[in-house]
Amino acid sequence: MTSQVEELKAKANAAFSSGKNDEAISLYSQAIALDDKNHVLYSNRSAAYAKSNKYEEALQDAEKCISVKPDFVKGYSRKGAALSFLKRFDEAITVYEEGLKIDPSNQQLLTDLETARKDASGPSAGGLNFFSDPQFLTQLMTNPRARELLKDPETAMLMKMMQQNPNNPSLLSNPKIMKLLGIVLGFELGDENDLSSKMETENGGNSPKKESNTSASKPTTSKPNEQPKAAATEKNTAESEKEKGNEAYKKKDFETALNHYNKATELDPVNMTYYTNRAAVYFEQKQWDACVKECEKAIEVGRENKADYKLIAKAYARIGNVKTQEKDYEAAVKFYNHSLSEHRNPEILQKKQEIEKIFKEQEQLAYINPEIAEEEKNKGNEFFQKANYPTALKHYTEAIKRNPNDAKLYSNRAACYTKLMEFRLAMKDSEEGIRLDPNFIKCYLRKGHALLAMKDLGQAMATFGKALEIDPNCQEAIEGYRQCSLKSTDDPEEVRKRATNDPEIQQILGDPGMRLILEQMQNEPQALRDHLRNPAIAQKIQKLIDAGIIGIRQG
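Cut-offs used in this document
- Residues numbered from 1 in each chain as written.
- Predicted model: local features only at pLDDT ≥ 70, side-chain atom pairs only at ≥ 80, totals over all residues.
- Heavy atoms only, no water.
- UniProt positions renumbered as here; feature names shortened; annotations may be inferred.
- Helix = DSSP H or I, 4+ residues; strand = E, 2+ residues; numbered from the N terminus.
- Buried < 20%, exposed > 50% of the residue type's maximum accessible area, 1.4 Å probe, protein only.
- pLDDT = per-residue confidence, 0-100.
- Contact = heavy atoms within 4.5 Å.
- Core = buried A, V, L, I, M, F, W, Y, C linked by side-chain atoms within 4.5 Å.
- Expected span 1.5 Å × (residues − 1).
- Axes fitted to C-alpha atoms, helices over the stretch in contact; angles between N-to-C directions.
- Parallel < 35°, antiparallel > 145°, perpendicular 65-115°, else oblique.
- Nonpolar A, V, L, I, M, F, W, Y, C, P; charged D, E, K, R; others polar.
- Salt bridge = Lys/Arg side-chain N within 4 Å of Asp/Glu carboxyl O.
- Phe/Tyr/Trp six-rings, centres within 6.5 Å; stacked < 30°, edge-to-face > 60°.

Looking at an unreviewed UniProt entry, one finds the chain named Stress-induced-phosphoprotein 1, with Rotaria magnacalcarata as its source organism. According to the UniProt record, the Subcellular location (unreviewed entry) comment for the chain reads "Cytoplasm".

Structural data, given as structure tokens:
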């Protein structure tokens, strides 16, 4: 199996190096299926997920890597990187600091920590770090004009330098870098110079100054001023329509609200808020598909127009709410995660955790199958009879997952734990079996034997006593009770402990008359015969004898 794992890992590494991230992830996953304790595999797959922009999955693998091998420094590097991509910079800083406690001189962690601190403190402290932003890089690589510019080796080299040192003033002022920024961010830096140069070329480079001024003055007398005014008017009107829509929404007049939001969208189609407002109306009307469609459109518009991450997070959260209403909890968790990756809202985090709990319970219920549980129990019994207790334990555990309300299964696994000397786990399973079926005597016996092995003789005796209440003729319970009695007689400390825990014995020992009788019996052993003639006293003395508090010498 080891050679197979290594072979898969080597193939995955080669695929990753070639940029075939999906293939690498698949191969790493196959290797993990064969060796789920290999921390390096989780680390490598985390890197592949991150390269595929699947940052939540990258984070999960990094956390698994650390849990498998807490002193593996690269695991902290992977986790910090995933958190940084998710813009959870404060958490990333904490992770890098934890890694540095293990290896204080690790240069990679030190560099990543410094970057995370700059990112956490915002643009004013960290400078323009667009070229390290995954969203900016995606837009850069999907923009045809930007891709064309990057074919120039010098531009590509400058971009790489910007990623390494985003605060270098000479790089920031470089025309080629400014051109790239302008294209992706939606404004053309240096356009006026380009336009001036173009006009000089068309006029032979020596046009009269007066003609140039005249030709330039015509378009600036009306159009440049009129267009911003018209746009501002439309935006103001759109906001007015939105406010009217909000008033109608508060009154639950949803159709009127929708009409106003529609007008706002027509006037200002690049404002994603109007789409999310329409989605809110559809949500109230329980038009789930329409709500999701509007949220998706809002996210698309928001991405294109550099909307605030909080607004995009809100749209994702609303889709999560729809999926919750549809009881598609797996999808709900997915969209809540998307929302949290944009903005970490505590309310959304709580919602996600609640839904995850419901989803887990659903998975457990869906997994229940009493027939398969019976098959697993029988397999467990076979291995138990062969004294192969670890394998028997595995089958009993699977049986419990398939039928968690069967007390017999807990009893069987408790017996297995006892054989493996895991007495506390045996006791825990026995108690769960008793909770499920208070009259199932085997669970009391399992618990009694576990307590006896742990030398808790008082509790063991009480447990065997409970078993005898269910079946007074149970030989295993009688023998267990007898063993506790014999061992407790040899252990004075245990005798005192049991006396402290037994209210009836405390009452007898606290009776002044009985204390006087006991003192007399100690000084004059022959007085015992006289006291035993009194039935009430004889019963109390017998109780103390049975509990091992006093002993009777033969002779």
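Moving on, there is more to tell.
Engineer: Which residues make up the side chain of Arg88, and what values do they have?
Structural biologist: Tracing the backbone shows Arg88 in the loop between helix 5 (73-85) and helix 6 (89-102). Looking at Arg88, the relative accessible area reads 12%, which means it is buried.

Engineer: Could you give an account of the confidence of the model for the chain, naming the residues involved and the relevant values?
Structural biologist: Taken residue by residue, the chain gives an average pLDDT of 81. The fraction at 70 or more is 80%. At the level of individual helices and strands, the chain shows its lowest average pLDDT in helix 14 (residues 191-202), which scores 34, and its highest in helix 26 (residues 423-436), which scores 95. Within the model, pLDDT remains below 50 along residues 123-128, and this stretch shows nine contacts once partners closer than five positions in the same chain are excluded. Per-residue pLDDT stays below 50 along residues 186-224; that stretch engages in 16 contacts with residues further than four places along the chain or on separate chains.

Engineer: Explain the nonpolar core to me, and be specific about the residues and the numbers.
Structural biologist: Among the nonpolar cores identified, the biggest contains 34 residues, and Tyr28, Leu41 and Tyr96 are the most heavily contacted of them. Setting aside residues up to four positions removed in sequence, Leu41 forms contacts with Val5, Lys9, Tyr28, Ala31, Ile32 and Asp35. In terms of nonpolar packing, the next biggest core, distinct from the first, is built from 31 residues, Ala392, Leu393, Met461 and Leu468 among them.

Engineer: I'd love a proper account of the UniProt feature "repeat: TPR" (unreviewed entry) in the chain, names of residues and values included.
Structural biologist: Here, UniProt's "repeat: TPR" (unreviewed entry) annotation points to residues 39-72, 73-106, 238-271, 313-346, 373-406, 407-440 and 441-474. End-to-end, the C-alpha atoms of residues 39-72 are 8 Å apart, and along that stretch the chain is 79% helix and 0% strand. The span residues 73-106 is 79% helical and 0% strand by assignment, and the distance between its end C-alpha atoms comes to 8 Å.

Engineer: Let's hear about helix 21 (residues 329-342): which residues, and what values?
Structural biologist: Working note: α-helix, 3.6 residues per turn, so residues spaced by three or four point in the same direction. With 14 residues, helix 21 ought to run about 20 Å at 1.5 Å a step, and its terminal C-alpha atoms sit 20 Å apart, in line with that. Here helix 21 lies mainly inside the structure; 11 of its 14 residues are buried. Taken together, the buried positions of helix 21 are Tyr329, Ala331, Ala332, Val333, Phe335, Tyr336, Asn337, Ser339, Leu340, Ser341 and Glu342. Buried residues in helix 21 make contact with helix 4 (55-68), helix 19 (288-304), helix 20 (309-325) and helix 22 (346-367).

Engineer: Could you give me a rundown of the packing of helix 5 against helix 6, with the residues and numbers involved?
Structural biologist: Helix-helix packing: each pair is described by the crossing angle between the helix axes and the interaxial distance. Running from amino to carboxyl end, helix 5 crosses helix 6 at an angle of 170°, the nearest separation of the two axes being 8 Å. The angle between the axes of helix 5 and helix 6 places the two elements in the roughly antiparallel class. Taken together, the residues of helix 6 that come into contact with helix 5 (itself represented by Val73, Tyr76, Ser77, Lys79, Gly80, Ala81, Leu83 and Ser84) are Phe89, Glu91, Ala92, Val95, Tyr96, Glu98, Gly99 and Ile102. Each residue belonging to the contact of helix 5 with helix 6 can be placed in one class, and the counts come to nine nonpolar, four polar and three charged.

Engineer: Quick one: what's the story with unusual backbone geometry, residue by residue and with numbers?
Structural biologist: Phi angles above zero are rare outside glycine, and Lys252 is one such case at about 65°. Relative to the assigned elements, Lys252 resides in the loop between helix 16 (223-250) and helix 17 (254-267). Using a relative accessible area of 59% as the deciding quantity, one classes Lys252 as exposed.

Engineer: I'd like to hear about the pattern of salt bridges, residue by residue, with values.
Structural biologist: A pair can form between side chains of opposite charge whenever their charged atoms are brought close. A complete count under the given rule lists 23 salt bridges for this structure. The residue Arg278 makes a salt bridge to Glu294 at a minimum N-O spacing of 3.1 Å. Of this pair, Arg278 sits in helix 18 (residues 272-284) while Glu294 sits in helix 19, and the two are 16 residues apart along the sequence. The class of Arg278 is buried, set by a relative accessible area of 12%.

Engineer: Before we move on, could you go through helix 5 and cite the residues and values that matter?
Structural biologist: Relative to the 18 Å expected for 13 residues at 1.5 Å per residue, helix 5 spans 19 Å between its end C-alpha atoms, a close match to the ideal helical length. Close packing links the buried residues of helix 5 with helix 4, helix 6 and helix 7 (107-120). Looking one or two places after helix 5, you find Lys87, whose phi comes out positive at around 65°.

Engineer: Explain the packing of aromatic side chains to me, and be specific about the residues and the numbers.
Structural biologist: For the structure shown, the criterion picks out four aromatic pairs. With 4.6 Å between their ring centres and 15° between their planes, Tyr55 and Phe85 make a pair best called stacked. Here the residue Tyr55 occupies a position in helix 4, and Phe85 occupies one in helix 5, the gap between them amounting to 30 residues. Classification of Tyr55 by relative accessible area gives buried; the value is 11%. Looking at Phe85, the relative accessible area reads 31%, which means it is partly exposed. Plain terms: the ring middles of Phe283 and Trp288 are 5.2 Å apart, the flat faces sit at 65° to each other, and that makes the pair edge-to-face.

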